[in-house]
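Close look at the chain arrangement
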Amino acid sequence: ETFRLKVHIGGVTTEVPAKATETVLVAMERANLAPPSQCRSGECGFCRSRLVSGDVYISPESDGRRAADKQFGYIHPCSSYPITDLEISVPRER
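Residues numbered from 1 in each chain as written. Predicted model: local features only at pLDDT ≥ 70, side-chain atom pairs only at ≥ 80, totals over all residues. Heavy atoms only, no water.

Some details on the side chain of E22
Cut-off, in case you're wondering: For helices the rule is a DSSP run of H or I covering at least 4 residues; for strands it is a run of E covering at least 2, with both sets numbered from the N terminus onward. The buried label applies to any residue whose accessible area, calculated with a 1.4 Å probe on protein chains only, is under 20% of its type's maximum; exposed applies above 50%, and partly exposed to all values in between. Under the rule applied, a polar contact is a pair of N or O atoms within 3.5 Å (in protein, one hydrogen donor and one hydrogen acceptor; residues adjacent in sequence only if both atoms are side-chain atoms).
Mapping E22 onto the fold places it in the loop between β2 (12-19) and α1 (24-30). The exposure class of E22 is buried, given its relative accessible area of 10%. One polar contact links the side chain of E22 to the main-chain amide nitrogen of K19, over a distance of 3.0 Å. Of the polar contacts made by the side chain of E22, one reaches the side chain of R30; its length is 2.4 Å.

So, the nonpolar core
Definition in use: By convention a nonpolar core is built from buried Ala, Val, Leu, Ile, Met, Phe, Trp, Tyr and Cys residues, the set being connected through side-chain atoms within 4.5 Å. Two residues qualify as a contact provided that any one of their heavy atoms is within 4.5 Å of a heavy atom in the partner residue.
Ranked by internal contacts, the top residues of the largest apolar core, which has 19 residues, are L5, V7, V24, M28, V56 and I88. For this core, the secondary-structure elements that each account for two or more residues are β1 (2-9), β2, α1 and β7 (86-90). When residues of this core are assigned to their parent elements, the largest contribution, four residues, is made by α1. Those residues within four positions of V56 in sequence are excluded, and the remaining contacts are V24, L51, I75, S80, Y81, P82, I83 and L86.

Focus on the pattern of salt bridges
Rules: The term salt bridge refers to a pairing of a side-chain nitrogen on Lys or Arg with a carboxyl oxygen on Asp or Glu at a separation within 4 Å.
Overall, the coordinates contain eight salt bridges when judged by the stated rule. For the salt bridge of R30 with E22, the shortest nitrogen-to-oxygen distance reads 2.4 Å. When the shortest N-O distance is used, the salt bridge between D63 and K70 registers 3.8 Å. Residue K70 is classed as partly exposed on the basis of its relative accessible area of 44%. One connected set of salt bridges, linked through shared partners, spans R4, E15 and D85.

Right, here's the structure in full:
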């Protein structure tokens, strides 16, 4: 299944397709949005982004988020898989 991913990054808003079988990070990279990333496993938090709306699946084994991030709706796109249409805000300067 493919979902709509609305991304706010670097002062620009873009909509891209996101497959349920790929991470949100991979969907953004495929669309040439150049999101921040380092570890690609959910551990470092470098790609930390705010989930504005929608739902993602995050495996408990790769969920490196802090409790406050979980409470306030932050995800690590590198370890998050879309299960609905999404809207996220990615902190990145142009």
